[in-house]
Amino acid sequence: MHGVVMYAPGDVRVEDRPDPRIEQPTDAIIRLAATCVCGSDLWPYRGTDQLDGPAPMGHEYVGVVEEIGSQVKNVKPGDFVIGSFFASDNTCEICQAGYQSRCIHAELIGAIGTQAERARIPLADGTLVATPAMPDPDLIPSLLAASDVLGTGWFAAVAAAVKPGKTVAVVGDGAVGLLGVLAAKQLGAERIIAMSRHESRQQLARTFGATDIVTERGDDGVAIIKELTGGYGAHSVIEAVGTQESMMQAIRATRPGGHVGYVGVSHNVTLPGEELFFSGVHLHGGPAPVRRYLPELIDLIWQRQIEPGKVFDLRLPLADAADAYRAMDQRQAIKALLQP
């Protein structure tokens, strides 16, 4: 089969990879209907994360089950399925508490690589969720978004305790931040402040429910948030970048007693203890337990109540994956969908 392999920063190739096979009785093999490039894939692409030799890429996926292991009961060949970027058994105590991304048996799908024509999905019963029927083609991008960026944005909003009547600020205007705006709207936020300097992303943020746009960053951005909220700060802040500046901006934009939901993959973030102590701010986040939300998100998409697939502003064949990475790296695209 064809699949994407990253050899070095900026060096992405589509080449022949071994066809996946059942390795454990809990595995399933799926044929990808769509996959995509994630913002987190840009960390190694830019050289920020170290590559340990050529690496298969991709952790977001939707497709049709082709084969199942002998112990798989919840999905069957022919099912159209969506799964999380972490495989989980969905039965351990951590999973049952709603944190499937930290399952004691978790496996990272990115190590398998789903920017490919086919993929092996471990722990299929706990990882994959089938749609009610074969989806209409126009629903596939939104279902793909549920595999990561929508589920991650949703978790960020939940972690930030977004509730009806609250004011929410979103730090980060990538796909996760934009879908954090969508999630905040669905969860009833009264005011949603998107922090963005890019017009196309500002427009999409407003489409998803943003009421205000702030272009300033850092402490200047914090000052605007305070000004918009009568000096208090936002009740809830979503942090969707993962840098020192974005984390501190999120904490400082939150009112005492408020909540920060952080889902940006952390890179060299350190928290000043004294400032955090006196902030009175709740912090919660990490790798999103996407599997917790998949049934609800699939239903919302299936009923056409939300359209998260709008974040895909570039669609290319899998063979052009290098162009997809380049476009996202240069901020010419919010998120690139790849068609195997």
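See the structure shown above.
Residues numbered from 1 in each chain as written. Predicted model: local features only at pLDDT ≥ 70, side-chain atom pairs only at ≥ 80, totals over all residues. Heavy atoms only, no water.

**Student:** It is not clear to me how the sheet that holds strand 13 (residues 212-214) should be interpreted in this structure. Could you clarify?
**Tutor:** Strand pairing in a sheet is mediated by backbone hydrogen bonds. Such pairs are either parallel or antiparallel. With parallel pairing, six strands are arranged side by side in an open sheet as 13-12-11-14-15-16. With one partner strand each, in any of the chains shown, strand 13 and strand 16 (282-285) form the two edges of the open sheet. Put simply, the sheet's adjacent strands are angled 20° from each other on average, direction ignored. In the sheet, strand 15 (residues 254-262) pairs with strand 16 via four bridges, with the strands oriented parallel. Residue pairing for strand 16: Gly261 is matched across the bridge by His284. Each of strand 11 (167-171), strand 12 (191-195) and strand 14 (234-239) is contacted by helix 6 (residues 175-186), which is oriented at about 175° to strand 12, the strand it contacts most. (Pairing = 2+ DSSP bridges. Helix = DSSP H or I, 4+ residues; strand = E, 2+ residues; numbered from the N terminus. Axes fitted to C-alpha atoms, helices over the stretch in contact; angles between N-to-C directions. Contact = heavy atoms within 4.5 Å.)

**Student:** Teacher, can you tell me more about the side chain of Asp27 here?
**Tutor:** Within the element layout of this structure, Asp27 appears in the loop between strand 2 (11-16) and strand 3 (28-36). Owing to a relative accessible area of 1%, Asp27 belongs among the buried residues under this scheme. For Asp27, the side chain forms a polar contact with the main-chain nitrogen of Gln24, separated by 2.8 Å. Looking at Asp27, its side chain comes within polar contact range of the side chain of Arg120, at 3.1 Å. What Asp27 contacts, discounting residues up to four positions off in sequence, is Arg21, Ile22, Ile68, Gly69, Val72, Arg120, Ile121, Pro122, Leu123 and Ala124. (Buried < 20%, exposed > 50% of the residue type's maximum accessible area, 1.4 Å probe, protein only. Polar contact = N/O pair within 3.5 Å; in protein donor to acceptor, adjacent residues only side chain to side chain.)

**Student:** Would you mind going over the nonpolar core with me for this structure?
**Tutor:** A general feature of soluble globular proteins is that nonpolar side chains tend to end up buried together. Core analysis: the biggest nonpolar cluster contains 57 residues, and Val62 and Leu150 have the highest contact counts within it. Dropping the residues within four chain positions of it, Leu150 is found in contact with Ala145, Leu179, Leu182, Leu297, Ile301, Ile306 and Pro308. Membership of the second largest hydrophobic core comes to 19 residues, among which are Val12, Tyr45, Leu51 and Ala333. (Core = buried A, V, L, I, M, F, W, Y, C linked by side-chain atoms within 4.5 Å.)

**Student:** Would you mind going over the pairing of strand 6 (residues 80-83) with me for this structure?
**Tutor:** It is a general feature of regular strands that their side chains alternate between the two faces of the sheet. The alternating pattern of strand 6 places Phe80 and Ile82 and Val81 and Gly83 on opposite faces, both of which are buried. The pairing of strand 5 (residues 61-68) with strand 6 spans three bridges and is classified as antiparallel. Bridge assignment links Val64 to a residue of strand 6, and that residue is Phe80.

**Student:** Honestly, the packing of aromatic side chains in this entry has me stumped. Any pointers?
**Tutor:** In this description, a pair of aromatic rings is defined by centroid distance and the angle of the planes. Applying the stated criterion to the full structure yields four aromatic pairs. Seen from the ring of Tyr7, Arg13 lies directly overhead, with NZ or CZ sitting 3.7 Å from the centre. Positioned over the ring face of Phe86 is Arg102, at 5.6 Å from the centre of the ring. (Phe/Tyr/Trp six-rings, centres within 6.5 Å; stacked < 30°, edge-to-face > 60°. Lys NZ or Arg CZ within 6 Å of the ring centre and 35° of its normal.)

**Student:** Before we go on, may I ask you to explain the sheet that holds strand 1 (residues 2-8) in this structure?
**Tutor:** With antiparallel pairing, three strands are arranged side by side in an open sheet as 2-1-4. In this open sheet, the two edge strands, each paired with only one partner strand, are strand 2 and strand 4 (55-56). Sheet topology note: the strand 1/strand 2 ladder contains six bridges and is antiparallel. Paired with Gly3 across the bridge in strand 2 is Glu15. Its contacts with the sheet place helix 12 (residues 321-329) against strand 1 and strand 2, and it is angled at close to 160° to strand 2.

**Student:** Can you help me understand the state of the cysteines in this one?
**Tutor:** Taken as a whole and assessed by the stated rule, the structure comprises zero disulfides. Cys38 supplies the cysteine sulfur nearest to Cys36, a cysteine that is in no disulfide, at a spacing of 7.0 Å. (Disulfide = S-S within 2.5 Å.)

Read these as geometric descriptors, not functional statements.
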